[in-house]
Structures are given as C-alpha cells and as structure tokens.
Amino acid sequence: MKKVLIAGATGYLGGYIAKELMNNSYTVKALVRSLEKLEEKNIEVSEIFQGEITKSDSIKDCCKDIDIVISTVGITRQKDGLTYMDVDYQANMNLLEEAKKNAVKKFIYVSVLNGENLKNLKICEAKELFVEQLKKSGLDYCIVRPNGFFSDMTEFYEMAKKGRVYLLGDGKYQTNPIHGEDLAKLCVEAINDSKQEIEVGGPEILTHNEIAIKAFESLKIEAKITHIPNWMRISILKIARLFLKDKTYGPIEFFLTVMAMNMVAPEYGKHTLKEYFTKLKMSDKLNENDSIK
C-alpha cells in the first residue's frame, strides 16, 4: 500500500483527506506545525512530521519513503504576517523540492477553479505560480480545482441569521460548492487517476438567490435579499485596495470577484447545502443550550 504525506492536515480540507486516506488503509504521514491542533481536531494518522513548511530546513526529509504527496497548504486565517507568496507559493515549493529529492511518485495539489484565468487576484497569482513550477518539476502530478467549499457558504447563513442576505448583481450567477468530505474522497481517488487536472464541484448547481433562500429556509424565517449593483462592487474593491494590507484585501478581492461570475464545475459528491445549513442551525442551538447552562 502506498505511503502518503498530507500537508495541511489540520485545515478544513486536510482533516477530511487524512480521514479518507486512513479509511482506505493508506499509510499516512501528516506534516504539521502544531501537534496540539492535530489532537484538538482528533485527526488520526499513521505518523507525524512536525515542521514549519515555510522554512525549508524545518521540513528536511519529510518526504523520505513517501510515494504520494497531497498538499492543501494555503493561507486561510493565519495571523503571523506571512504573505500569499510565502505560503501558497514558497511553502509549496519547499515541499516540492523535498518531494523531488526523495523521488516521490506523484504530487497532488489543491488549487482553485479558474485559477489560471484569475492570476490578477493575489490569492490565485501565488497558487498558479506554484502550479506552473509543479508542471515543470518532472514529477507525476494532479491539480485539483474545486470551485468553493461548503464552509465558504457559511457567510450566506450568517447573513440570513441577521435577517437579510446581500448579493452581487441580480443573484443569478451559478455555482456548485462542494463539501470537504466529498472533495477529500476525490483527492484520494486522484492518487490512482491518470488525469493531471481535475475540476470539481458539488452535486447541486444553484444560483446565489437559491443558496440564500436555502439559508433562510433552514432558519425558518422569511427570505429578504438585497441585490448590490456592480458599480458598488467595483467601488468597494478600489477602496479596499487602498486601505487594506494584501492578506486582508486578498480574500475580499477573491470573494467579490468570484461572486460576480459563474463558478460551475463537474458535479461530484453527495452532500447538499440544505444538510449543511441544517447542521449549522443545530450547532447554533447546542451552543445556545451550553450558554444557558
């Protein structure tokens, strides 16, 4: 059975991938910087390599005896001053160099749908720069391109909880976000798949209006949606670029860009947004009960 190194195991997607690998009897080594976070999230693996992936010396020999590398490494909510180039590009480059030195058979990297066409965005610029280097590496590779996670849709739910959802344009742009568990299954399937790039989304193609309505329905409250004109989106981007640091501006730039276009990928998986929003509501109720106690 192949031995797999997962980088980013403590992240939203990485945790699901580690679990899927273990369920399929792979030998799994997790590259993590925080042992506490791994334990806190109850992520079980065969072996742990502790290191700081942004520092090449810190991960020396992490790929020794490894057949497959899966990287989900990228900036999310880090508060350590690192940039997209530090993490999404250079950290993955450090890992790629270790993979090459140790003759890893395949490198699987999770980027983003349409990333190659969105290099003007700071997040995509760093990711796609790494993709270009991976393609030139000489290793067998697979680039997985999801169009958005269910976790990204939490924003719809949070707005609905406050009584109103704000959408860009007429709300008719379409997307089919994917649950982390479904995407993890595809990433593990990619180990034995000959495709070098895989675009993937969830099983339901929905307009932004339909996503908002599902959020309201899960809360059992009247749907109230406000549509924001495109000129306002452009104005927000211009103002944000002037006053925000790159790491803060990057997610806003990405969100406001992809929300103003169709992000539809081949359908995959079984989890639905209705289930996801219902679980969010159940979690809210549990938290309320705990606070009362």
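A few points on the structure.

Calculation rules
- Residues numbered from 1 in each chain as written.
- Predicted model: local features only at pLDDT ≥ 70, side-chain atom pairs only at ≥ 80, totals over all residues.
- Heavy atoms only, no water.
- Salt bridge = Lys/Arg side-chain N within 4 Å of Asp/Glu carboxyl O.
- Phe/Tyr/Trp six-rings, centres within 6.5 Å; stacked < 30°, edge-to-face > 60°.
- Helix = DSSP H or I, 4+ residues; strand = E, 2+ residues; numbered from the N terminus.
- Buried < 20%, exposed > 50% of the residue type's maximum accessible area, 1.4 Å probe, protein only.
- Contact = heavy atoms within 4.5 Å.
- Pairing = 2+ DSSP bridges.
- Right-handed = clockwise from strand over helix to strand, strands pointing away.

Looking now at the pattern of salt bridges. Applying the stated criterion to the full structure yields 15 salt bridges. Connected through salt bridges with shared partners, the residues E116, E128, K135, R145 and E197 form a single ionic network.

What follows covers the packing of aromatic side chains. Applying the stated rule across the entire model yields seven aromatic pairs. Measuring from ring centre to ring centre gives 5.4 Å for Y12 and F149, while their planes differ by 40°; the resulting arrangement is tilted. One end of the pair, Y12, is in helix α1 (residues 12-23); the other, F149, is in the loop between β6 (140-146) and α5 (154-161), and 137 residues separate them in sequence. We classify Y12 as partly exposed; its relative accessible area is 29%. Seen from their ring centres, F107 and F130 are 5.8 Å apart, and the 55° between their planes marks the pair as tilted. Taken together, the positions of F107 in strand β5 (residues 106-110) and F130 in helix α4 (residues 122-136) put the pair 23 residues apart, joining distant regions of the chain. In this structure an aromatic cluster arises from ring pairing among F150, Y157, Y276 and F277.

Moving on, we come to the environment of I43. With respect to the helices and strands, the residue I43 is situated in the loop between α2 (35-40) and β3 (47-50). Here I43 falls in the buried class, since its relative accessible area comes to 14%. It is 9.5 Å that separates the C-alpha atoms of I43 and A30, two residues lying 13 residues apart in sequence. Those residues in contact with I43 that lie beyond four places of it in its chain are A9, T10, G15, A18 and L38.

All right, on to the pairing of strand β1 (residues 3-7) then. The element β1 is extensively covered by neighbouring structure, given that five of its five residues are classed as buried. Neither face of β1 is left uncovered, since the one carrying K3, L5 and A7 and the one carrying V4 and I6 both have all their residues buried. Judged from the five bridges that link them, β1 and strand β2 (residues 27-32) form a sheet pairing that is parallel. The residue bridging I6 from the neighbouring strand is A30, located in β2. Between the parallel elements β1 and β2, the chain passes through α1 in a crossover that is right-handed. Of the pairings in the sheet, the one linking β1 to strand β4 (residues 68-71) comprises four bridges and is parallel in character. Counted as the bridge partner of I6 is I70 from β4.

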